[in-house]
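# An overview of the molecular structure
Listed below, chain by chain, are the residues.
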Amino acid sequence: MKKIVLAIAVLLSINISSVWAEGNSTNTSSVRYVKAPRFARPLVEKWISEYAKTQPGVEFQIAKGKDNIDLNVVFDSQEKTKDFSHIVVYFGEFAVLPITASGSEAAKVLEGKHLNSKKLKQLYFLNDDFEEDVKKIKQFEKLVIYSGSNATSVASSFAHNFGEESSNFRGKRISGDDLFINTALLKDPLGVSFNALPNIFDLKSRHIKNDLTLIGIDVKKNLEKNFSDEATLDEVIDALENGKIQEVAVEKIGVS
Amino acid sequence: MKKGLFIIGFAIAPLLAAAQNLITGHITDVRTGEPLIGASVIVKSEKGRGVVSDIDGNFKLQTKVEAPLTLRVEFVGYRALDVDVYDFEEPVEITLRENYNSLSEVVVVGYGTQSRKEFTGSISSINGADVSQRPIQSFDQALAGHAAGVSLAASNGQLNAPSVIRIRGVNSISLSSLPLFVIDGVPVYSDDISTNSAANNPLSDINPSDIESIDILKDAASTAIYGSRAAGGVILVTTKKGRSGRAVTHYNGWVSFTNAVRLPEMLNAEQYTALKNEAITNANNIDGGNRSLVYQLQKNSDGSIVDTDWKDYVYRTGISHNHNIDISGGTENITYYFSVNYSNQQGIFQGNNFERKGIRFNAEDRITNWLTLSLNSNYSSSFNESPDTGSRPGSSMSSYGVTRLALVLPPNVGAYNEDGTFNVNPVSGTLGSGANNSSFPLYNPEARLALTSNTSDNSHFIGNIKFVLRPVKQITWTGQYSLDRINNESTSFASTQLGSGASSSGGSVTNITSRFINEDFNTTLGYDDIFGKLHKISLLVGFDYQHNTTNFWGARATKESDDFFRYYQGGWANVVATGNQIGERNYISYFFRASYTLSDRYFLTTNFRRDGNSALAKNHKYGNFGGLSFGWLISDEPFFKHALSKDAISNLKLNASWGRVGNGNITNDYSSFSLYSSSLYGDASTWDISQQGNDNLSWETSSQTNIGLSFDAFKDRLHVELAYFNNNVDDLILSVPQSPSKGIVGNSILSNVGSMYNRGVEFSLNYQVLNNKEWKWNVSTNFTYLKNEVTALSGDESAIISYTGSGSTNITKIGYSVGSLYGLKTLRVNPENGQRVFLNGAGEEVQYNGLGKWTYLDGRTAKALSGDDYYVLGNALPKWYGGIISNTEWRGFELNFSFSFAGGNKIMNRSKSTITDQIFFNNSTEVLDRWTTPGQDTNIPRLVTGDRYSFGGSVPISEHVENGDFLRLQNITLAYNLPKKVLNNVFIKGVRIYGQIDNAFILTGYSGVDPELSANGNSNTTPGVDYNTGGYGRTFTFGLNLTF
Amino acid sequence: MRRNYLYKYILSGAARSIVILSILTVIGCSDELETTSKTSLSSATVFSTEARIEGLANGLYKSLKTANLYSGYLILYGDLRAEDFVCRTENALTGGYVWSNTFTNTTGDIANTWGQLYAAVNNINTFIDGVSISNVISEAQKNHYLGEAYFLRGLAYYHLVTLYATPYTKDDGASKGIPLRLLAENSSEHNDLERSSVSDVYKQIIQDLDNAERLLPESYETNLLNTTRAHRNTAIALKTRVYLSKGEYTKVVDEAKKIVPQTAAPFSATSGVHSALQEDITTVFGGNYTTTESILSFPMTSSDTPLGVSLSETFYANRIDYVLNSSETGIISDKSWRENDRRRSFVVFNQNIGQNTLAKYKKVSPSVDYVPAIRYSEVLLNYAEASASTGNVALAVQLLQAVRHRSDDTYEFSADDLAAGQIISTIAKEKRIELLGEGLRANDILRKLETFPSKPTLSSMNPISVSPNDDNYIFPIPNSEIQTNSLINK
């Protein structure tokens, strides 16, 4: 009996590794792997194609799984806190918006709210002990914050925007790509989170994904529409490009 | 195809070990960013699958569960965290934040550990970091003010002086009140083992840097498991252990500078001669005598006046340094901790030195899942050296005691003659008289320092080996053998040269070697199980056998053949055996503990111990002790959860316990026997009664009740503990005074006769004032109020009078606290004649003329005051004490300080009688305010030579009884941790530099050197007496910690 | 398979634990807790052999040799209270309060002397009990040991009654004396005991000494034992002192006759140990401690040195706490004590301190001068005083001259000195000279109800003179006794 099991296992592993091998002719020195969170992949791909034009000798690919990583995607907030021995090349920007699952209990709680920085801070972060002057918002307490915990999560960008550390998030941690945050929100009706724009919007329809809803932020009247669920990705980007909005984290992204 | 595969995979997965997902991750502390070592990570839906993070905070976890899964990350002292893992591609970054929720802590209890939640007795825990970097000899010296209910202070400022430690008060009268020290399960020796003036507390052989934590058990329900030796409480010390992962190396080094503080200002040579002669003139005026004025200024050949400050010859700036290197690490199964330590310390007294070389090796091997072996071993070689400081018990009036010599020697003579030789009296070898027409019976400290030495060194091993066997999950069987062995050699030498104190005997040297062996074997069988989720049961039965032996032998040699010899091994004419002693004591104990937890909120623990002690009388050797304790986690009750927001109050827990422990810590191993010792009459051998025994000598028992309440508030930022305790001690073993005319040896017989109680409340609080990424500020305070009262002695009227030097300074009497101060009552100085007015036993005011004549205020002759006229002068035990500790961190900077305070007690400042005594002693400058003219209002009487009453020279007087209240800044530390950024890519992982001041200042109304000094060490019956006792120094320390 | 192995292991582990536990339980039940001293004997076995009883007998003497007794202080106190010595140092702890007569009932000297004398008494009483029932020694040995015990108890009580009680001569012993402890004490019982009257105490002393005289051997085999253990003549010699203290001169004469049978020099005992004066007194101090002149001395050897401070250190060697009184009140200023008197060699001028010191005890490191308790010359002088008091002046003169001429053979007492009305004070002066520093002076003052005179001081100690009606005429009952014996002041 045991022998048979083993035999199957060996077969399986051969199968799997051969599958991997197809897209993974690693050791040809011309290919360089870039590790990137999913939301950034379109950008990175764009960068790779641009790069290929100027340096045809080197071929970049987006790393999958446990490839030998040559380059990492970094955000500029990370550069400020961590020590990079390598040079960072920035090639774009990304923005992070607060979200929740549409139609969820959390969405109802937050419906019609226009949260300013202070309130967002209260919602997302463990209360800093000395800012007791801020009146507690009771309703917020039952909400569960989901935040990414990986190195490439936008959690740190979101936190830094509020002068916080990603470790100060309330609630639960998600490990894995930030795309899974959406999954987590769908499972928990009280879940609240944030994500990078490419993970919030359907890149094809340019509209917000069906199952998500943006949490209202405190922006000038004329911009309110730009940050509503009806807004398209382009409208959001447009608004962000026209001026700094306190509540939205916008960060440079690059490779290093 | 895919589907098919999936189905196959599903079917075989449970059997397939290889088909697993690998999760990697990294765990760090939120605030510091430091990797957390030893945090446990489990997959929530998968039972029994867990790993521990390694030295770099990394972990690797194989799981069969597919994503998404939830990881549970737990680490002692941190909030547990759940992390949902959606894919395994990238390492999981986990940051944990510290948790001040006290209930999750693990506390060390007798023969095991318990979570604070389940613990139902009374305990205080102290982190090893609080002791590891202090300029101390033994760890106990750093505990002052750190734990509620624990009063602690070094008895004096001599290096390695044993601390006076009282856990919830004085728990005995005749027996030791010291707690039992248990280091990694090994009961060890404490208190002074030296046989000469070099203090030697063997606890100093434990390197303070090796200590991980200290837990102090305070109530009987917790200590009963230690039975007979636990009446003074139990201090459990846990040393550091290795952790899985890459080896880490620490270096910790400090250098310190210590100076004497608060020394009194003494008269200079001119003031001295003037005042001493004034006292003689006054005497002549009183009785018409014609005493000559004996005090003269002495001039050097250059015409200058000899004016000596003897403090310069006694005190110095003590420079000390200490180095510690430890290496720890391990694999998944084997962990180790290895350290070496070197300490070289100088006291504030010239010639007072301490040196320790220590090595420790701790290891643990998880041989299999069900068998673990662990080993702890510590070897130290330590060296103590000290002149007679007059600070050790019984030496207050020593004519060599340098604390007294520094003050009272006449300033108008020098330490040296002009030719460079020591100024000593050519007849007696005491201090030379100079131009004074008088001879001084005290010694020249400078000569003594050069011509004598006292050393005590230890070769000390403490170690144990232990196995833990868990054949099935519910059963744990442990066995432990431990050994504490000290070989001590105490030597004292005094030269044949004049000034050594031994010149008349031709010099002398005394070597006494002593061996202390304490072996302990214990085994326990434990059963832990949970039934139906609600019922948790934990049972423990055990056996403990202890074998103690002491063996002293020595010799005293006199008359050296040449003054070259400083050692016994040199040439000496006469050798006499001295210090011989053999003792043996065994303890045999059976114990049992059962804990029951219901619904995780009701906790019940009971324990029982049957203890046999060979030192007690036949048929009284065994005693039964035990306790019952109950805990209720009120905040977990549904009604409570509804009633209050969790943020307001949480972890509200009520603990109540009652227990009975015994005390059989009789000093003498054979106290119950009537013994005859052999000696010589001329050359004939003799037998003499040396001890009057008692066939009925049995246990002291103390019944202790403890009621405690603890809770957290403001989201666990505030932690509060309150406790009430009542400790009734009965059958006190007292040296019952026998009328001296009975001729019983020592005029006393040990008997179980007395009773007393200690009642009080304890309060401790810990508040996290700030805790964010830049600032962390934690303040804690503890406070204890305690009342001690003796309720029974051998008879209603009987009292135990106790002595300091030759004066009866304390009394233990029904209705008063143990060792209350005792002496003559003084009222004032009569402004008319400058005589001290006393209250005699009959309540009448009488005055003393300084020359042996007592009169009533109207001039009628009165009876001379005697022992019949003594009054109880005050309670000598602090009624309240505690500490305030603050730790602040800001961007790598740390500012920590700890205060200790105590009060409600009186201190007998006998040192004051020394420095105002009207014999040849130099006086402090306060004597300048002496009475000189009628009508003058002062508290210093007219000076009359030879007056031993008015200034308390020969009798304790209430004038010198002062309030003992004080607040001391024990320690203030400023440290800086170099940022990681700076250290990046350097092989050093961490650098901490610090500076600290110990005994920075003290606020007190007490006019003596220090209100915490104890002239009588740990004696229960003579507390609160400061009599020529050396004070504590103030120490400045600079240190460096490196982590590799 | 693995499972099987595990079970096996558990079983073997369990079996082993049971074995170990049961071994330990056996240990527990055995004698592990019955530890006994390896350096001392228990009271149960100490009377079990002849040799041990001999050791116990020696122990009785030893218990009178403690620091405050015959190691030297008892001698010291007798001299210091009077006028012949002056305290030189500031050290009040070596008898300073006794010297200045300013002691109280808490003074260490007062309490320690009391305690140590009674400790000796209890040792003796315990010994008497043990020996009386012993079956390991012969009847003769038993009597011998009992004789020694009675003698030593008499000696101890004599010191107690003379130090702590009103002199017998004041009121024929009617005053309260001291508690008379005659039973062995070994428990917490019997703390309370009233003081017996002075006359009852003397009655007991004399009874003990009479018994001793009856039971003690006439002599021992060696000179050492004849000096350091009591024999029949020792008891008789002590009785001359005891009766003198009572003022019963005829009894003194009766006793003295037994060991001083002659009526003219040379005097010596003719039965028992042939006690006699030595030709040169200096032989007795430092030459040979075991001559027949030393009726009882306490031996000192290098391995049994004085406890506390030795007499040599106190008077002569390095400490010299007390020097001789050089003023006219001191005996060394007495004109009749001539320079050629051999006893003058005991007066040594110390250049360093510029004072005269007593050089009877000179041995230091180790201090092995024997401490004299009874000397034959004392017996002669006791006899002389008693003879003079009972009218036999001629014999008194013979006895007095025997003592004087031994040291100053050419000295002739003047007729006045020897006149009936004067001879007693001449004898008293001779006693001061002959027995200087041997601890007898205070007793002579007390029994004659004289005043302790004042004396000069060399330190800040202020001595006072005390007369028979002053508080400090005798030592007070120690405070420690008052605290524990509720009947003491009844």
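Residues numbered from 1 in each chain as written. Chains lettered and ligands numbered in written order. Predicted model: local features only at pLDDT ≥ 70, side-chain atom pairs only at ≥ 80, totals over all residues. Heavy atoms only, no water.

### Description of the overall build of chain C
Regarding its fold elements, chain C presents 19 helices and 7 strands. Based on the C-alpha atoms only, the size of chain C along its principal axes is roughly 125 × 55 × 50 Å. Counting over 490 residues, chain C shows a buried share of 62%. Across chain C, every contact between residues at least 6 apart in sequence was considered, and the portion connecting residues at least 24 apart equals 72%. If you sum the accessible surface of chain C, you get close to 17700 Å²; carbon and sulfur atoms cover 52% of it. Separation between the mean location of the 46 positive side-chain charges and that of the 54 negative ones in chain C comes to 6 Å. (Helix = DSSP H or I, 4+ residues; strand = E, 2+ residues; numbered from the N terminus. Buried < 20%, exposed > 50% of the residue type's maximum accessible area, 1.4 Å probe, protein only. Contact = heavy atoms within 4.5 Å. Areas by Shrake-Rupley, 256 points an atom, 1.4 Å probe, with all protein chains shown as cover. Lys, Arg positive; Asp, Glu negative; His and termini not counted. Charge placed at Lys NZ, Arg CZ, Asp CG, Glu CD.)

### Quick notes on the overall build of chain A
Assigned secondary structure in chain A consists of 10 helices and 9 strands. Burial statistics for chain A: of 256 residues in total, 48% are counted as buried. A separation threshold of at least 6 residues defines the contact pool for chain A, and within that pool the share at least 24 residues apart is 74%. Carbon and sulfur atoms form 53% of the exposed surface of chain A, whose accessible area is close to 13200 Å².

### Here we look at the sheet that holds strand E15 (residues 211-217) of chain B
All names here are of chain B. Ordered in space as E10-E15-E16-E13-E14, the 5 strands form an open sheet in which the pairing is mixed. Strands at the two margins of the open sheet, each flanked by one partner only, are strand E10 (123-127) and strand E14 (186-188). The average angle at which neighbouring strand axes cross in this sheet is 25°, direction not considered. Pairing between strand E13 (residues 180-183) and strand E16 (residues 234-239): 4 bridges, direction parallel. Note that in E16 the partner of Leu180 across the bridge is Val234. (Pairing = 2+ DSSP bridges. Axes fitted to C-alpha atoms, helices over the stretch in contact; angles between N-to-C directions.)

### Description of the sheet that holds strand E47 (residues 961-963) of chain B
Working definition: the strands of a sheet are paired by backbone hydrogen bonds and lie parallel or antiparallel to each other. Residue and element names in this part refer to chain B. Sheet architecture is open: 3 strands sit in the order E47-E46-E50, paired in mixed fashion. Each end of this open sheet is capped by a strand with a single partner; those strands are E47 and strand E50 (1025-1026). Two elements, strand E46 (residues 906-909) and E50, share 2 bridges in a ladder whose sense is parallel. Residue pairing across strands places Met908 opposite Val1025, the latter belonging to E50.

### Focus: the interface of chain C and chain B
In this assembly, 92 residues from chain C lie in contact with 83 residues from chain B. When the buried surface of chain C facing chain B is broken down by residue, C:Leu33, C:Thr35 and C:Glu90 rank first, second and third, together holding 10% of it. In this structure, B:Lys618 engages C:Glu34 in a salt bridge whose closest nitrogen and oxygen atoms are separated by 3.3 Å. There are 30 residue pairs in polar contact (both at pLDDT 80 or more) connecting chain C and chain B. (Buried area = accessible area lost by both parts, 1.4 Å probe. Salt bridge = Lys/Arg side-chain N within 4 Å of Asp/Glu carboxyl O. Polar contact = N/O pair within 3.5 Å; in protein donor to acceptor, adjacent residues only side chain to side chain.)

### A closer look at the pairing of strand E27 (residues 581-598) of chain B
Residue and element names in this part refer to chain B. Judged from the 18 bridges that link them, strand E25 (residues 535-560) and E27 form a sheet pairing that is antiparallel. Bridge pairing in E27 links Asn551 to Ile582. In this structure, E27 lies alongside strand E28 (residues 602-613), joined through 12 bridges in antiparallel fashion. Along E28, the bridge assignment pairs Tyr587 with Asn613. In this structure, the hairpin formed by E27 and E28 is closed by a connection of 3 residues, where Ser599 is found at a positive phi of approximately 55°.

### Here's the deal with the confidence of the model for chain A
Residues and elements named next belong to chain A. In the predicted model, chain A carries a mean pLDDT of 72, and 75% of its residues have values of at least 70. This model gives residues 1-28 a pLDDT under 50, and the stretch forms 11 contacts once residues within four places in sequence are excluded. Note on residues 129-133: pLDDT under 50 across the span, and 8 contacts to partners over four residues away in sequence or across chains. (pLDDT = per-residue confidence, 0-100.)

### Examining unusual backbone geometry
All names here are of chain C. Here the bond from Ala265 into Pro266 is cis, since omega is -5°, no more than 30 degrees from zero. Summarising the element assignment, Pro266 is placed in the loop between helix H11 (249-259) and helix H12 (281-287). The step from Ser365 to Pro366 runs through a cis peptide bond, and the omega angle for that step is -5°. Looking at where Pro366 falls in the secondary structure, it is placed in the loop between strand E6 (355-358) and strand E7 (371-375). The phi dihedral of Ser365 is positive, around 35°, even though this residue is not glycine.

### Points about the pattern of salt bridges
Summed over the entire model, instances satisfying the criterion amount to 65 salt bridges over all chains. Of the charged contacts, one joins B:Arg72 and B:Asp82 as a salt bridge, the two residues approaching to 3.0 Å between their closest N and O atoms. Here B:Arg72, found in strand E5 (residues 69-74), pairs with B:Asp82, found in strand E6 (residues 81-85); they are 10 residues apart in sequence, far enough to count as distant. Where B:Lys912 meets B:Glu926, a salt bridge forms, and the shortest distance between an N and an O atom there is 3.4 Å. Placement of B:Lys912 in helix H9 (residues 910-914) and of B:Glu926 in the loop between H9 and E47 is noted, with a sequence separation of 14 residues between them. Note on B:Lys912: relative accessible area 14%, which makes it buried. Residues participating in the shared-partner salt-bridge network are C:Glu293, C:Asp341, C:Arg343, C:Lys360, C:Arg375, C:Arg404, C:Arg406, C:Glu430, C:Glu434 and C:Glu438.

### Observations regarding the packing of aromatic side chains
Counting across every chain of the model gives 60 aromatic pairs over all chains. For the ring pair B:Phe897 and B:Phe899, a centre distance of 5.5 Å and an interplane angle of 75° mean the geometry is edge-to-face. Given a relative accessible area of 26%, B:Phe897 falls into the partly exposed group. Geometrically, the ring pair formed by C:Tyr118 and C:Tyr157 is edge-to-face, given 6.1 Å between the ring centres and 80° between the ring planes. Of the two residues, C:Tyr118 is situated in helix H5 (residues 108-132) and C:Tyr157 in helix H6 (residues 139-164); the sequence distance between them amounts to 39 residues. Classification of C:Tyr118 as buried rests on a relative accessible area of 0%. (Phe/Tyr/Trp six-rings, centres within 6.5 Å; stacked < 30°, edge-to-face > 60°.)

### Describing the packing of H5(C) against H6(C)
Residue and element names in this part refer to chain C. Interhelical geometry of H5 versus H6 gives an angle of 160° and a closest axis separation of 9 Å. By the angle between their directions, the pair H5 and H6 is classed as roughly antiparallel. Classified by chirality, the crossing of H6 by H5 is left-handed. For the contact of H5 with H6, a count of residues per class yields 19 nonpolar, 4 polar and 3 charged. (Parallel < 35°, antiparallel > 145°, perpendicular 65-115°, else oblique. Left-handed = near helix turned anticlockwise from the far one by under 90°. Nonpolar A, V, L, I, M, F, W, Y, C, P; charged D, E, K, R; others polar.)

### Remarks on helix H10 (residues 233-241) of chain A
Residue and element names in this part refer to chain A. All buried positions along H10 are accounted for by Leu233, Val236, Ala239 and Leu240. For H10, the arc enclosing every buried residue in end-on projection is 130°, short of the 170-degree limit, so these residues lie on one face. Where H10 is buried, its residues touch strand E4 (89-101), helix H9 (197-200) and strand E9 (249-255). (Arc of directions from axis to C-beta.)

### Considering the side chain of C:Glu293
Residues and elements named next belong to chain C. One can find Glu293 in the loop between H12 and strand E3 (294-298). A polar contact is formed between the side chain of Glu293 and the side chain of Arg406, at a distance of 2.6 Å. Discounting residues that sit within four places of it in the chain, Glu293 has contacts with Ala276, Leu277, Gln278, Val284, Ile374, Arg375, Tyr376, Ser377, Arg406 and Glu434.

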